[in-house]
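# Residue-level structural notes
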Amino acid sequence: MTPPPPSSPLRPTSPPTLVAVAHGSRDPNALRTVTALLERVRELRPGLDVRLGHIELNEPLLTGTLADLDPGQAVLVPLLLGRGYHVKYDLPQAAATAPHLRTRIAAPLGPHPLLVEALYARLTEAGWRTSDATHRGSGVVLAAAGSRDPQSAADTRRTAALLGERLGGVPVIPAYASAASPTVPEALRALAARGRHRAAVASYFTAPGRFAAQSAAAAPWIAAAPLGTHPALARLLLLRYDQAVATRAPAPRRQLASA
């Protein structure tokens with residue numbers, strides 16, 4: 001009797017594709033920065049399929065990136081720093097345009113201690129010194145994009161509090177480039193009213209752009225660069241991806257039967 005053929009070994013299941021979702025900017029440095037950040041992510045996780053999609057203003061757009069993926073699973077990781085309209089509405093709407101994918105949406109990057117690590121490093125690069133933490137005239141404005149969503153503002157306030165702790169108790173005031181108050185100039189005036197004339201601006205932006213440049217221009221002393229390609233940001237991006245993968249797998253999207 002001919003023996004049965006040996007059973008074929010099970011093929012390992014490919015991990016879900018990581019789709020990093022950037023907002024998009026007319027500043028060409030934004031795309032270059034995000035592209036370099038994703039190269040860091042690929043170096044940290046060789047073999048992981050890492051793609052990029054933009055909400056607006058830049059190619060590839062998120063909907064196009066999703067359409068180009070083969071059927072399978074994908075995790076959308078927003079390169080956004082808090083809960084707001086883009087995370088709550090734009091990403092689910094984009095995912096709905098790709099019924100061939102089982103899609104998870106990761107949490108936004110912030111708030112998280114790894115962001116504080118990157119913010120502190122950028123301030124240090126700009127000229128902040130440990131002695132500034134004991135200087136009674138020092139203060140920091142955490143400049144963020146801004147959102148009308150109260151949860152987004154709460155996330156930014158939490159990051160400001162964490163950064164203040166990291167800086168040894170220096171007051172850190174969250175401020176916004178649009179859609180919310182205080183503005184960066186208003187926050188700087190508030191610090192000055194408290195005698196904090198040695199004020200730095202921390203750039204709570206993932207990449208260069210109009211809002212980041214506008215916020216930095218208001219600084220009376222030093223202005224930090226955006227978070228950009230800092231290693232902590234790459235690690236955090238993978239952490240959000242892993243957290244999303246660890247959640248229960250989404251059910252396959254059902255196609256509606258034609259009438």
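By convention here, each chain's residues receive numbers from 1 onward along its written sequence. Whole-chain, interface and lining totals are the exception, using all residues; otherwise, since this is a predicted model, local features are given only for residues with pLDDT of at least 70 and side-chain atom pairs are given and counted only at 80 or more. Values reported for side chains reflect all heavy atoms of the structure, with hydrogen atoms and water molecules removed beforehand.

### Focus on the layout of surface pockets
It is the rolling of a water-molecule-sized probe over the atoms that shows where space remains empty. Cavity and pocket criteria rest on a 1 Å grid covering protein atoms alone: a 1.4 Å probe that fits but cannot get out defines a cavity, protein on both sides within 12 Å along at least 5 of 7 lines defines an open pocket, and an atom within 4 Å of a point defines a lining residue. Grid points are joined across faces, edges and corners, and a volume is the space filled by probe spheres set on the points. Taken as a whole, the largest pocket spans an internal volume of roughly 1,000 Å³. Taken together, 41 residues make up the lining of the largest pocket; nearest its centre are H23, L80, H86, A145 and F211. Residue composition of the lining of the largest pocket, by class: 20 nonpolar, 15 polar and 6 charged. As for the second largest pocket, its lining consists of 17 residues, of which S14, P15, T17, G72 and Q73 are closest to the centre. Among the elements of the structure, strand 3 (72-78) and strand 4 (101-105) are those that each provide at least two residues to the lining of the second largest pocket. All amino acids are sorted into three groups, where Ala, Val, Leu, Ile, Met, Phe, Trp, Tyr, Cys and Pro are nonpolar, Asp, Glu, Lys and Arg are charged, and the leftover types, Gly among them, are polar. Strands here are runs of E lasting at least two residues and helices are runs of H or I lasting at least four, both read from the DSSP assignment and numbered beginning at the N terminus.

### Side note on the packing of helix 1 (residues 28-44) against helix 8 (residues 231-245)
To obtain an axis, a line is fitted to C-alpha atoms, over the contacting stretch when the element is a helix, and the angle between two such axes runs from 0 to 180 degrees between their N-to-C directions. Running from amino to carboxyl end, helix 1 crosses helix 8 at an angle of 65°, the nearest separation of the two axes being 9 Å. For the pair helix 1 and helix 8, the sense of crossing is right-handed. On the side of helix 1, the interface is formed by L37, L38, R40, V41 and L44, while helix 8 contributes P231, L233, A234, R235, L237 and L238. Take the far helix as your reference; a near helix turned counterclockwise from it by less than a right angle gives a left-handed crossing, and one turned clockwise gives a right-handed crossing. Contacts between residues were defined by any pair of non-hydrogen atoms, one from each residue, lying within 4.5 Å.

### As for the packing of aromatic side chains
Centres within 6.5 Å make a pair out of two Phe, Tyr or Trp rings, where for Trp the six-membered ring is used; the pair is then stacked when the planes are under 30 degrees apart, edge-to-face when over 60, and tilted otherwise. Scanning the model with the defined rule gives 2 aromatic pairs in all. Between W128 and W221, the aromatic rings sit 5.9 Å apart at their centres with planes inclined by 50°, giving tilted as the arrangement. With W128 in the loop between helix 4 (113-126) and strand 5 (138-144) and W221 in the loop between helix 7 (210-217) and helix 8, this residue pair connects regions lying 93 residues apart in the sequence. Buried, partly exposed and exposed residues are distinguished by accessible area as a fraction of the type maximum, computed with a 1.4 Å probe on protein chains only: under 20%, between the cut-offs, and over 50%, respectively. For W128, a relative accessible area of 2% corresponds to the buried category. Over the ring of Y120 we find R166, and its NZ or CZ is 3.8 Å from the ring centre. The criterion for a charge sitting over a ring is simple: Lys NZ or Arg CZ within 6 Å of the ring centre, and within 35 degrees of the ring normal.

### So, the sheet that holds strand 6 (residues 172-176)
Strand order in the open sheet formed by 3 strands is 6-5-7, with parallel pairing between adjacent strands. Each edge of the sheet is formed by a strand with only one pairing partner; in this case those strands are strand 6 and strand 7 (198-203). Between one strand axis and the next, the sheet turns through 30° on average, direction left out of account. For two strands to pair, DSSP has to find at least two bridges joining them. Note: strand 5 against strand 7, 6 bridges, orientation parallel. Looking across to strand 7, one finds that V140 is bridged to A200. The strands touched by helix 4 within the sheet are strand 5 and strand 7, with strand 7 carrying the most contacts at an inclination of about 130°. Contacts from helix 6 (residues 184-193) reach strand 5, strand 6 and strand 7, with the element oriented near 165° to strand 5.

### Observations regarding the pairing of strand 3
Judged by how many residues are buried, strand 3 sits mostly within the fold: 5 of 7 residues are covered. Bridge analysis of strand 1 (residues 17-22) against strand 3 gives 5 bridges, and the strand direction is parallel. Each residue of the ladder has a partner; that of V19, found in strand 3, is L76. As judged from the 5 bridges shared by strand 3 and strand 4, these two strands associate in the parallel manner. Within the sheet, the bridge partner assigned to A74 lies in strand 4 and is T103. Place the viewer so that the strands point away; then a crossover is right-handed whenever the path from the first strand over the helix to the second strand goes clockwise. Note on the crossover from strand 3 through helix 3 (residues 85-96) to strand 4: the handedness is right-handed.

### Looking at the pattern of salt bridges
Salt bridge criterion: a side-chain nitrogen from Lys or Arg within 4 Å of a carboxyl oxygen from Asp or Glu. Considering all chains together, one arrives at 7 salt bridges under this definition. Across the pair R51 and D49 runs a salt bridge, and its minimum N-O distance is 2.8 Å. A residue is classified by how much of its surface remains accessible, and R51, at 29% relative accessible area, is partly exposed. The residue D155 makes a salt bridge to R83 at a minimum N-O spacing of 2.8 Å. One end of the pair, D155, is in helix 5 (residues 150-166); the other, R83, is in the loop between strand 3 and helix 3, and 72 residues separate them in sequence. Residue R83 is classed as partly exposed on the basis of its relative accessible area of 31%.

### Some points on the environment of G53
Considering the arrangement of structural elements, one finds G53 in strand 2 (residues 50-54). Taking the C-alpha atoms as reference, G53 lies 15 Å from P28; in sequence the two are 25 residues apart. Leave out the neighbours within four places in its chain, and G53 touches V19, A20, V21, A22, P60, L61, L62 and T65.

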